[in-house]
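Close look at the chain arrangement
The chain contents come next:
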Amino acid sequence: MTAKIITIERHFLEQQRFFPQASGEFTNLLYDIALAAKIISREVNKAGLAGILGLAGAENIQGEQVMKLDVFANETIIRMNDHTGRLCIMASEEIADIIPIPEQYPCGKYVLVFDPLDGSSNIDVNASVGTIFSIHRKVSDGPRGSLEDLLQPGYKQVAAGYIVYGSSTMMVYSSGQGVHGFTLDPTVGEFLLSHPDIQIPPRGKYYSVNEGNYHYWGEGVRRYVDYLKTPDPSIMLRAGEAIGRPYSSRYMGTLVADFHRNLLAGGIFMYPADSKDPRKPRGKLRLLYEAAPLAFIVEQAGGRASDGTQDIMHIQPASLHQRVPLFIGSREDVGKAEEFIGEFG
Ligand code: AHM
Ligand code: MG
């Protein structure tokens, strides 16, 4: 028997059948995001040729400055979504203020928040980068969207996902019915279902953190990382595989790529608060378009996301670009990190 080939479009349509009242608006919104991802992927794949062909971030042969890749990704997502009548408002890591839907276009019932090109410094060294998105429902009363629609806690998301532009391009998303991963077949330009129903192992073997910040962390985080590296002679066997300490360290410096590895293989990603930069007492990562969408995904896959003391999904945002410490991944690993932070601060 040959395996079924399921395109992302077919998958979205099949999911839509679970909701007989659905108008298709939501399905189309996801499809618009997938299309933007394909366009961004095409440019990311050409990035190394920038100096030669005059691509993003470089000067082209006419001597004109070509758009940088993160700006390109940002504009692509906005252009793909501002006129469709599906959204009432957007926000992006690249833009300080809210992104209203232009007056000439109809306003819809969804809200889109995104990080267009996460880990963009990795572009220069040909390493993986990503896009993260989060979708909410409009909750404000007015005819157009407002800040109130954007400042919603993570548990109110209706869908979230990310695209990782790695050795291949993958889109992983959840609309509350499990987590599904699609790999882009560049020869036909389609995302094909490659990872249905992703489940994160309850305990992992990897930890991902910028250990260069060790001396700026609180004592709880330092002790937790020391613990992960301390050999434990009582090796546990789970599904025939030995797991236990020491954990292996893996850190790309692209949240999406580090998260993706740990989602599939098990483990914990951390970006704790640190005292390195007094302007960033809450770590580096952003609640609305980095932590919350990945928290939605990880919970759907059976994992957890915490700021060290509470679930990311329950934090009420106070501002668009608010930062939050992040501990995310396998359930038991995140629980252990919280134990150390609870005890030692
Ligand atoms: P960016 O959105 O400006 O790219 O920053 C976010 C990135 C994450 O992808 C990554 O996990 C983190 O910054 C790495 O930071 P650091 O270099 O401090 O380890
Ligand atoms: Mg980012």
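Definitions and cut-offs
The residue numbering used here restarts from 1 in each chain and proceeds along that chain's sequence as written. Think of it this way: whatever chain is written first is A, whatever ligand is written first is 1, and the rest follow in order. It should be noted that, the model being predicted, local features are given only for residues of pLDDT at least 70 and side-chain atom pairs only at 80 or more, the latter also being counted only at that level, while totals for whole chains, interfaces and linings use all residues. The basis for every side-chain value is the complete set of heavy atoms in the structure, and neither hydrogens nor water enter the calculation. A domain assignment, automatic or from a database, supplies the domain bounds used here. What makes two residues a contact is simply this: any of their non-hydrogen atoms within 4.5 Å. Buried area: the sum, over both parts, of the accessible surface (1.4 Å probe) that disappears when the two are put together. By definition here, a salt bridge exists when the distance from a side-chain nitrogen of Lys or Arg to a carboxyl oxygen of Asp or Glu is within 4 Å. Residues adjacent in sequence count toward polar contacts only when both atoms are side-chain atoms; beyond that, a polar contact is any pair of N or O atoms within 3.5 Å, and within protein one must be able to donate a hydrogen and the other to accept it. Comment: elements are numbered from the N terminus, with helices defined as DSSP H or I runs of at least four residues and strands as E runs of at least two. We call Asp, Glu, Lys and Arg charged. Ala, Val, Leu, Ile, Met, Phe, Trp, Tyr, Cys and Pro are nonpolar, and the rest, Gly among them, are polar. Residue burial is assigned from relative accessible area. The probe radius is 1.4 Å, only protein chains are included, and a residue is buried under 20% of its type maximum, exposed over 50%, and partly exposed in between. By definition, two strands form a pair when at least two bridges between them are found by DSSP. Water is not part of the atom set, so a site may look incomplete; the donors themselves are N, O and S atoms within 2.8 Å of the metal, or 3.2 Å for Na, K and Ca. A single heavy atom is enough: if one lies within 4 Å of a molecule or strand, its residue is considered near that molecule or strand. Computed with a 1.4 Å probe, the accessible areas rest on the Shrake-Rupley method; for each residue, only the protein chains presented here act as cover. Only the stretch in contact is used when a helix axis is fitted, and all axes are lines through C-alpha atoms; the angle between N-to-C directions ranges over 0 to 180 degrees. Oblique is the label for any angle not covered by the other classes, which are roughly parallel (under 35 degrees), roughly antiparallel (over 145) and roughly perpendicular (65 to 115). By convention, the crossing between two helices is left-handed when the near helix turns anticlockwise from the far helix through less than a right angle, and right-handed when the turn is clockwise. Nonpolar cores were defined as sets of buried Ala, Val, Leu, Ile, Met, Phe, Trp, Tyr and Cys residues, with membership established by side-chain atoms within 4.5 Å.

The subject of this paragraph is the domain arrangement of the protein. The domains assigned to the protein are domain 1 (8-195) and domain 2 (206-344). Just the C-alpha atoms count here: the centres of domain 1 and domain 2 sit 25 Å apart. Opposite the 46 residues of domain 1 that make contact, domain 2 presents 29 residues. Summed over both sides, the interface of domain 1 with domain 2 buries roughly 2700 Å², with 69% coming from carbon and sulfur. For domain 1, the biggest contributors to the area lost against domain 2 are Ile132, Leu151 and Tyr162; these three give 22% of the whole. At the boundary of domain 1 with domain 2, the tally comes to 0 salt bridges. Counting across the domain 1 and domain 2 interface gives 13 residue pairs in polar contact (both at pLDDT 80 or more). For the side of domain 1 that touches domain 2, the secondary structure elements donating two or more residues are β1 (87-92), β3 (110-118), β4 (129-137), α5 (147-150), β5 (159-165) and β6 (169-174). Residues that form the side of domain 1 that touches domain 2 fall into these classes: 25 nonpolar, 17 polar and 4 charged.

Attention now goes to the pairing of β4. A regular strand places its side chains so that they alternate between the two faces of the sheet. Within β4, 8 of the 9 residues are buried, leaving the element largely enclosed by the surrounding structure. Here 7 bridges tie β3 to β4, and the two strands are oriented antiparallel to one another. Paired with Asp118 across the bridge in β4 is Gly130.

Another point: the coordination of the magnesium ion (ligand 2). In this structure, Asp115 (OD), Asp118 (OD) and Glu290 (OE) serve as the protein donors to the magnesium ion (ligand 2), at separations of 1.9 to 2.3 Å. Written as a sequence motif, the donor residues of the magnesium ion (ligand 2) are D-x2-D-x171-E. Taken together, the residues Asp115 in strand β3 and Glu290 in helix α8 (residues 287-300) connect sequence positions 175 residues apart.

Our focus in this paragraph is the site of ligand 1. Not every one of the 15 residues close to ligand 1 is listed here, only the nearest: Gly119, Asn210, Tyr251, Leu255 and Tyr271. Between an oxygen atom of ligand 1 and a side-chain N or O atom of Tyr271, the distance comes to 2.6 Å. Contact distances for ligand 1 include 2.9 Å between an oxygen atom and a side-chain N or O atom of Lys284. Relative to its unbound accessible area of 470 Å², ligand 1 is 78% covered by the protein chains. Those elements that provide at least two residues to the shell around ligand 1 are β3 and β13 (267-271). Residue assignment places the shell around ligand 1 across two domains, with domain 1 (8-195) and domain 2 (206-344) each supplying three or more.

Bringing the packing of helix α6 (residues 219-229) against helix α9 (residues 331-344) into the picture now. The axes of two packed helices give the description: the angle between them and the distance between them. Between α6 and α9, the shortest axis-to-axis distance is 7 Å and the interhelical angle comes to 135 degrees. Taken together, the axes of α6 and α9 are oblique relative to one another. Note on packing geometry: the crossing formed by α6 with α9 is right-handed. On α9, the residues that touch Glu219, Gly220, Val221, Arg223, Tyr224 and Tyr227 of α6 are Asp333, Lys336, Ala337, Phe340, Ile341 and Phe344. The residue inventory of the contact of α6 with α9, partitioned by class, reads 7 nonpolar, 1 polar and 4 charged.

At a closest axis distance of 12 Å, the pairing of helix α7 (residues 255-265) and α8 adopts a crossing angle of 15 degrees. Between α7 and α8, the crossing angle belongs to the class labelled roughly parallel. For the crossing formed where α7 meets α8, the hand is right-handed. Contact with α7, carried on its side by Leu255, Phe259 and Leu263, involves Glu290, Leu294, Ile297 and Val298 of α8 and no other residues of that element. Its residues placed into classes, the contact of α7 with α8 shows 6 nonpolar, no polar and 1 charged.

Further remarks concern the environment of Thr254. Mapped onto the secondary structure, Thr254 falls in the loop between β12 (248-249) and α7. Here the alpha-carbon distance between Thr254 and Gly119, two residues 135 residues apart in the chain, equals 4.4 Å. What Thr254 contacts, discounting residues up to four positions off in sequence, is Asp118, Gly119, Asn122, Ser128, Val129 and Gly130.

As a further point, take the sheet that holds β12. Ordered in space as β12-β9-β13-β15-β14, the 5 strands form an open sheet in which the pairing is mixed. Looking at strand neighbours, the two that pair on one side only are β12 and β14 (304-306), the edges of this open sheet. Two elements, strand β9 (residues 206-208) and β12, share 2 bridges in a ladder whose sense is parallel. Considered in β12, the bridge of Tyr207 is made with Ser249. Here α7 sits on the sheet in contact with β9, β13 and β15 (326-329), set at roughly 165 degrees to β9. Along the sheet, α8 makes contact with β14 and β15, crossing β15 at roughly 25 degrees.

Core analysis: the biggest nonpolar cluster contains 38 residues, and Leu112, Leu117, Phe133, Ile135 and Met171 have the highest contact counts within it. Here the element with the most residues in this core is helix α2 (residues 25-45); it accounts for 9 residues. Within the second largest apolar cluster, 33 residues are counted, among which are Tyr162, Ala257, Ala295 and Met313.

Moving on: the environment of Pro116. Within the secondary structure, Pro116 is located in strand β3. Separated by 34 residues in the primary sequence, Pro116 and Leu150 have C-alpha atoms spaced 16 Å apart. In contact with Pro116, not counting residues within four places along its chain, are Asp70, Ala73, Asn74, Ile77, Ser92, Glu93, Glu94, Gly130 and Thr131.

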